[in-house]
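Listed below, chain by chain, are the residues.
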Amino acid sequence: MVEDSDVGEIVKVSGPLVVARNLPGPRMYDLVRVGDSRLMGEIIELRGDNVSVQVYEETGGLGPGDPVFPTGGALSVELGPGLIESIYDGVQRPLSAIREEYGNYIERGVDVPGLSRTREWEFKPSVEEGAEVRQGDILGTIQETAVAEHRVMVPRGVSGRVLEIRGGVHKVTDVVAVIGSDDKSVEVTLLQKWPVRNARPVKVKLAPTVPLITGQRVIDTFFPVAKGGTACVPGPFGSGKTVIQHQIAKWADADIILFIGCGERGNEMTEVLLEFPELIDPYSGEPLMKRTVLIANTSNMPVAAREASVYTGITIAEYYRDMGYSVALQADSTSRWAEALREISGRLEEMPGEEGFPAYLGTRLASFYERAGLVECECSGERRGSITVVGAVSPPGGDLSEPVTQATLRVVKVFWGLEDKLAFRRHFPAINWLVSYSLYLDEVEKEWARMVSPEFAKLRTDAMRLLQEESELQEIVRLIGIEALSPRERLAMESAKSVREDFLQQNAYDVTDSFSSLKKQFLLLRCVMAFEYAGSAAIEKGVEIRDVVASPVREEIAQAKFIPEDELDRIEELEKKVRDTMEEFSSRLEVKEALDLF
Amino acid sequence: MPVKEYLTVRDIVGPLLLVEDVDGAKFAELVEIEFPDGAVGLGNVLEVNERTVLVQSFEDTHGLDTANTRIRFRGRGMELAVSRDILGRIFDGLGRPIDDGPEIIPEKRLDINGNPINPFARDYPTDFIQTGISAIDGLNPLVRGQKLPIFSGSGLPHSKMAAQIARQSTVLGTEEEFSVVFAAMGITFEEANYFISEFRRTAAIERAVLFINLANDPAVERIATPRMALTAAEYLAFELGMQVLVILTDMTYYCEALREVSAARKEVPGRRGYPGYLYTDLATIYERAGRIKGEKGSITQIPILTMPEDDKTHPIPDLTGYITEGQIILSRDLHRRNIYPPIDVLPSLSRLKEKGIGEGKTREDHSNLSNQLFSAYARGKEAKELAVILGEAALSDDDKLFAKFSDEFEEKFIKQGEYENRSIVETLSTGWELCRILPRGELKRVKKHQIEKYLKD
């Protein structure tokens, strides 16, 4: 039995939920340490003297009478240099350091700080002593990795004169600046803490307009997401959610990538860990790992820590956003996070909503996605940063009417609907073009005109129309047969097939095809559509549909996506060839008609 | 500390016992339940609330009463005693020997719940396992450290297939210690007996460990069985350095046992009455497969489950598919046509195949050939469906060839003997041989030089 008055006592243990009593001064969402092995836990309910705690580690062996220690603070992450290239669990414990200290398995009661206390950083001040600063202002920089410059900011709530600034080599706990007035001053270290459940403040939120280029054609051209926007990817198992998430993490033109493996497979994180240091970022020429932070709370790791992992992730994302970076955050999968909520809610014996999920599922999801956005950062000057959130959803049985998908669709602006039927046909990415949508399209189309060509928007509209038409025509073909179609309709079917196979389909495992720049996407789509435009013109003139369809130039269109980025003029040449071929059909026909007449 | 004994059982509901006035019970602690007739069963603590403890009995609660039932708390979680001598032995679902052999003298006792493998410590599975079954090796290959379930239906020959895989699996070009851990959950005596005699007959029993919980054994015991098996597997793989293949059959019965406990606890159910934490629970089993950096051994898992009504969207196959690295789906249609193994290759998938095949692993043409076979078979099946509606005459000449291909493919590639062990080279050659049926111009997925090399007359 515990006698100490500043320590609480366990009265109940039920899976990840522990109820304690006599805890001094408990506050909602305060962090506590549970049991003699001091497992991490968080207060999630107060009922009279009873305090419910969700524990981030296995609770086996805990029992009534065991102590619960208050920490007085909320669950927080450590922010500072060293985040990038790290892999953390759901409560920011570095998995690499855990392995070094504890071996191949994650034992209980592991206590390793998020940032290394021994590693040293070269700090270059960018303000002088005597300068007036306020919260969010940049004090200096650290080259965190080859591509990421870490900007050390004045912590929240601190302002005044820079009394002291210390450049040079520092550990994260060293004081690098003293700020304030002569009678009251604050010491600033490289390491700052932030409670994960509170969004970091911003000056203003702005409407996102600039597209996030992911290099994936079906995304960038058909259903683009803007920098600072939100998107979701629901799909049954085997439809390629994780591959899409990985592709975005690999090729998105963001400055910083945050990848949260939330309740998914261990080997998938291993794959990222193996690939990312090898793969080269097409924008910076450096390994992808140099801009990536990984959070891995795999499906077999404690369920409460899974609940925390998305908050840990987005708080780190906000920290880099505040430095003025564009951050892309992938959460794979938000369904597992929702299931963690459901499990805890069940243990709390709360009245359930749909399918056992708590009634607050929608609000929690919405407030998570709302932490995305394009913002004016909190500082005295002008600085913009953004967080784009892409959440995977794993609907049971692929049924999109389930609560998590529905609650997600209410808040996100982009929907990439994956379909297993497409995956079985080996059409990848298996994004169904008829059900997916992007609400950023209007804004993004304006940007396209500036970035690539004013023609782009029209091409996209026409291609989309073709695909729509195809699905209608397919119905007719299924009922009456292909003979029922007019030549114009036959051509539409063929062109739509070309859009699907030669443009939408993209092989993530092919070195060249894995990534397409926006320029290449434009040229490729123009080339594919040239067949449709010039083909219809030829048919108008009376050319046989057979000839158009059987034209060998189509083989070349099919191969065009494998043309590397530095030979894009070959796609333009091909497009000309397509048009020439079709015109030749027409002129041959004219000659023939002239001869017949003769 | 002397073990305290309690006679304070208040409620018995299904497999659950509520014990009052208990001091110092711990969550997940092992419990001994002494029946009024003197028999002793095991259980574990599901919840402690002050001095009230909820105990789950692994034994059937038949014959228990509230007056004379004695409860002893063991002060530790459920453990499995392991040593090298577990090889060749048969245990019940709770790890007690049932083969008339001696008790195991433990080298150590391991907590059956294990600890999660640190994702950072994992090594990516890349070694191709040759199972000798063409439909697996050729199209959906298994790699060491993978978890690849078989989605079956009642009455389909999944047991035969699993036994064949266990018998034939080898990693090419290696002579490493190989062992099989087999966990039966709720299967019939006949099925279990089939495995045991199969292992005996081929002397595979020498390198096998069996945990048997039969259909008439207590259902709740099944909740511990796969964990027993995986604890044994982890010991063999990561302490003795063996390559371990774990067969878990049938996961459907495991999940039903879980549902039974959940219902008795009056928990809010998820889909079809299964508990909301079914995904997490299954993950703690499946995720124990894998390889670890710097360790010689590995754990490869083949869980078998029967899909109720052959429905892939049922929560058990659905959640399994979200955790495992692919799935092998059996087809009733193929089985009816007497094709063994009746593997439905199109919806089957091995997520790790790309890294396990190709030059230096199997052969450089493996990936392309398998894509070719996939797409040709898919097209052939489509053509055949069309022929059913519109008549054979409606097919184009090419489509007729594809239809023929799909028939031959099923007969020659998928179909094979129960004791036929095809090398990967034989499998690939059969595949190429079948490609001859197709027009040369339609072989778009394989490269020109591969056609020249493997298809020359």
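Source: prediction; values computed, not measured.

S.K.: Help me understand the overall build of chain A in this model?
M.R.: Check the secondary structure of chain A and you find 16 helices and 26 strands. Along the longest, intermediate and shortest principal axes, the C-alpha atoms of chain A span 115 × 55 × 40 Å. Buried positions account for 60% of the 598 residues belonging to chain A. Contacts in chain A between residues far apart in sequence, at least 24 positions, make up 70% of those at least 6 positions apart. As displayed, chain A has an accessible area near 22800 Å², and 50% of this comes from carbon and sulfur atoms. The positive charge centre, built from 68 side chains, and the negative charge centre, built from 96, are 1 Å apart in chain A.

S.K.: How should the packing of helix H11 (residues 456-480) of chain A against helix H13 (residues 518-540) of chain A be read in this particular structure?
M.R.: All names here are of chain A. At a minimum axis separation of 10 Å, H11 and H13 run at an interaxial angle of 55 degrees. In terms of axis orientation, H11 runs oblique to H13. Regarding H11 and H13, the two cross each other, and that crossing is left-handed. Contacts from Phe456, Lys458, Leu459, Arg460, Asp462, Ala463, Arg465 and Leu466 of H11 reach H13 at Leu518, Phe522, Leu525, Arg526, Met529, Glu532 and Tyr533. A class-by-class count of the residues in the contact of H11 with H13 yields nine nonpolar, no polar and six charged.

S.K.: Can you help me understand the side chain of Thr225 of chain B in this one?
M.R.: Residue and element names in this part refer to chain B. By the element assignment, Thr225 lies in helix H4 (residues 225-238). With relative accessibility at 0%, the residue Thr225 sits in the buried group. Side-chain polar atoms of Thr225 contact the backbone oxygen of Gly93, separated by 3.2 Å. When neighbours within four sequence positions are excluded, Thr225 is seen to be in contact with Gly93, Ala183, Ala184, Met185, Phe211 and Asn213.

S.K.: Would you mind showing me how to read the sheet that holds strand E12 (residues 128-130) of chain B here?
M.R.: Note on sheets: strands pair through backbone hydrogen bonds, and any given pair is parallel or antiparallel. Pairing is antiparallel in the open sheet, where three strands are placed in the order E13-E12-E15 (chain B). Lying at the two open borders of the sheet, with one neighbouring strand each, are strand E13 (142-143) and strand E15 (170-171) of chain B.

S.K.: I keep staring at the interface of chain A and chain B and nothing clicks. Help me out?
M.R.: How big an interface is tends to be stated in terms of accessible area lost as the parts join. Counting residues at the interface gives 61 residues for chain A, matched by 59 residues for chain B. Where chain A packs against chain B, one counts five salt bridges. Here chain A and chain B share 27 residue pairs in polar contact (both at pLDDT 80 or more) between them. Every element with two or more residues in the side of chain A that touches chain B is listed here: strand E1 (8-14), helix H1 (95-102), helix H4 (266-275), helix H5 (303-322), helix H6 (334-347) and helix H9 (420-424) of chain A. In terms of residue class, the side of chain A that touches chain B is made up of 21 nonpolar, 20 polar and 20 charged.

S.K.: Any chance you could explain the pattern of salt bridges here in plain terms?
M.R.: Between side chains of opposite charge, a pair can form when the charged atoms approach closely. Enumeration according to the criterion identifies 86 salt bridges over all chains in this entry. Taking the shortest distance from any N to any O, the salt bridge between Glu268 of chain A and Arg265 of chain A comes out at 2.6 Å. One exposure class covers both Glu268 of chain A and Arg265 of chain A, and it is buried. The salt bridge partner of Asp462 of chain A is Lys458 of chain A, with a shortest N-O separation of 2.6 Å. With Asp462 of chain A and Lys458 of chain A both in helix H11 and four residues apart, this pair spans about one turn of that helix. Take Asp462 of chain A: its relative accessible area is 10%, and that puts it in the buried class. One salt-bridge network, held together by shared partners, links Glu5, Glu32, Glu34, Arg70, Arg72 and Arg74 of chain B.

S.K.: Please clarify how the pairing of strand E24 (residues 384-393) of chain A should be interpreted in this entry.
M.R.: Regular strands place side chains that alternate from one sheet face to the opposite one. Residues and elements named next belong to chain A. With nine of its ten residues buried, E24 lies for the most part within the structure. Pairing of strand E19 (residues 230-234) with E24 involves five bridges; the strand directions are parallel. For Cys232, the partnering residue across the bridge sits in E24 and is Gly391. Two strands pair when backbone bridges link them, and strand E22 (residues 326-332) and E24 are joined in this way by six bridges, in the parallel orientation. From the neighbouring strand, Ser326 faces E24, where its bridge partner is Ser386. Two strands pair when backbone bridges link them, and strand E23 (residues 373-376) and E24 are joined in this way by four bridges, in the antiparallel orientation. The residue bridging Glu376 from the neighbouring strand is Arg384, located in E24.

S.K.: Please clarify how the domain arrangement of chain A should be interpreted in this entry.
M.R.: Residue and element names in this part refer to chain A. Along its sequence, chain A is carved into domain 1 (4-73), domain 2 (118-190), domain 3 (204-440) and domain 4 (456-597). Distance from the C-alpha centre of domain 1 to the C-alpha centre of domain 3: 32 Å. Listed by partner, the interface residues are 14 residues for domain 1 and 13 residues for domain 3. The largest per-residue losses of area from domain 1 upon contact with domain 3 belong to Pro16, Gln54 and Tyr56, which jointly make up 44% of the total buried on that side. Where domain 1 touches domain 3, the interface holds zero salt bridges. Between the two partners, domain 1 and domain 3, sit three residue pairs in polar contact (both at pLDDT 80 or more). When contributions to the side of domain 1 that touches domain 3 are tallied by element, the ones reaching two or more residues are E1, strand E4 (39-47) and strand E5 (50-55). Among the elements that make up the side of domain 1 that touches domain 3, the one with the highest residue count is E5 (three residues). For the side of domain 1 that touches domain 3, the per-class residue count stands at six nonpolar, four polar and four charged.

S.K.: In this structure, what is going on with the packing of aromatic side chains? I would like to understand it.
M.R.: How two aromatic rings sit relative to each other is set out by the distance from centre to centre and by the angle between their planes. Residues and elements named next belong to chain A. Enumeration according to the criterion identifies 23 aromatic pairs over all chains in this entry. Taking 6.0 Å as the distance between ring centres and 55 degrees as the angle between the ring planes, the aromatic pair formed by Phe222 and Phe503 counts as tilted. Of this pair, Phe222 sits in helix H2 (residues 217-222) while Phe503 sits in helix H12 (residues 487-504), placing them 281 residues apart in sequence. Neither residue differs from the other here; Phe222 and Phe503 are each classed as buried. For the ring pair Tyr283 and Phe515, a centre distance of 6.0 Å and an interplane angle of 90 degrees mean the geometry is edge-to-face.

S.K.: What am I meant to see in empty space enclosed by the protein here?
M.R.: To find leftover empty space, one rolls a probe the size of a water molecule over the atoms. Counting across every chain of the model gives seven cavities of 30 Å³ or more. Estimates place the volume of the largest cavity at around 200 Å³. Residue lining of the largest cavity: 21 residues in total, with Glu339, Arg342 and Pro396 of chain A together with Arg271 and Leu319 of chain B positioned closest to the centre. Sorting the residues of the lining of the largest cavity by element identifies H6 of chain A together with helix H6 (278-286) and helix H7 (315-323) of chain B as the ones contributing at least two each. Of the residues contributing to the lining of the largest cavity, the split by class is ten nonpolar, four polar and seven charged.

S.K.: For this particular structure, what's the right way to read helix H3 (residues 241-251) of chain A?
M.R.: For an α-helix, 3.6 residues make a turn, and residues three or four places apart therefore share a direction. Most of H3 of chain A sits inside the fold, with ten of its eleven residues counted as buried. Among all positions in H3 of chain A, only Lys241, Thr242, Ile244, Gln245, His246, Gln247, Ile248, Ala249, Lys250 and Trp251 of chain A are buried.

S.K.: Would you mind showing me how to read a nonpolar patch on the surface here?
M.R.: A surface patch of nonpolar side chains, about 440 Å² in accessible area, is lined by Leu386, Val388, Ile389 and Leu390 of chain B. Position of Leu386 of chain B among the secondary structure elements: in helix H10 (residues 366-390).

S.K.: Got a minute to help me understand the packing of H5 of chain A against H6 of chain A in this structure?
M.R.: Packed helix pairs are characterised by how far apart their axes lie and by the angle those axes make with each other. Residue and element names in this part refer to chain A. Across the interface, H5 lies against H6 with an axial gap of 8 Å and an inter-helix angle of 130 degrees. Judged by the angle between their axes, H5 and H6 are oblique. Handedness of the H5/H6 crossing: left-handed. Between H5 and H6, the residues in contact are Val303, Ala304, Arg306, Glu307, Val310 and Tyr311 and Arg336, Trp337, Glu339, Ala340, Leu341, Glu343 and Ile344, respectively. Among the residues forming the contact of H5 with H6, the class breakdown is eight nonpolar, no polar and five charged.

S.K.: I'm lost on the sheet that holds strand E16 (residues 185-189) of chain A in this one. Help?
M.R.: Here we have four strands laid out as an open sheet, ordered E10-E13-E15-E16 (chain A), and antiparallel in their pairing. Since the sheet does not close on itself, it has two edges, and those belong to strand E10 (132-133) and E16 of chain A, each with one partner.

S.K.: Before we go on, may I ask you to explain the side chain of Arg422 of chain B in this structure?
M.R.: Residue and element names in this part refer to chain B. Mapped onto the elements of the fold, Arg422 is located in the loop between helix H11 (397-414) and helix H12 (424-435). Engagement of the side chain of Arg422 in a polar contact is seen with the backbone oxygen of Lys412, the distance being 3.3 Å. Polar side-chain contacts of Arg422 include one of 2.8 Å to the side chain of Glu420. Among residues more than four places away in sequence, those in contact with Arg422 are Gln130, Gly132, Ser134, Asp137, Lys412, Phe413, Lys415, Gln416 and Thr427.

What counts, and where the lines are drawn
Residues numbered from 1 in each chain as written. Chains lettered and ligands numbered in written order. Predicted model: local features only at pLDDT ≥ 70, side-chain atom pairs only at ≥ 80, totals over all residues. Heavy atoms only, no water. Helix = DSSP H or I, 4+ residues; strand = E, 2+ residues; numbered from the N terminus. Buried < 20%, exposed > 50% of the residue type's maximum accessible area, 1.4 Å probe, protein only. Contact = heavy atoms within 4.5 Å. Areas by Shrake-Rupley, 256 points an atom, 1.4 Å probe, with all protein chains shown as cover. Lys, Arg positive; Asp, Glu negative; His and termini not counted. Charge placed at Lys NZ, Arg CZ, Asp CG, Glu CD. Axes fitted to C-alpha atoms, helices over the stretch in contact; angles between N-to-C directions. Parallel < 35°, antiparallel > 145°, perpendicular 65-115°, else oblique. Left-handed = near helix turned anticlockwise from the far one by under 90°. Nonpolar A, V, L, I, M, F, W, Y, C, P; charged D, E, K, R; others polar. Polar contact = N/O pair within 3.5 Å; in protein donor to acceptor, adjacent residues only side chain to side chain. Pairing = 2+ DSSP bridges. Salt bridge = Lys/Arg side-chain N within 4 Å of Asp/Glu carboxyl O. Domains from an automatic or database assignment. Buried area = accessible area lost by both parts, 1.4 Å probe. Phe/Tyr/Trp six-rings, centres within 6.5 Å; stacked < 30°, edge-to-face > 60°. 1 Å grid on protein atoms, 1.4 Å probe; cavity = no way out; pocket = protein on both sides within 12 Å on 5 of 7 lines; lining within 4 Å. Points joined across faces, edges and corners; volume = space filled by probe spheres on them. Patch = residues over 30% accessible without salt bridge, like charges linked within 9 Å, V, L, I, M, F, W, Y side chains within 5 Å.

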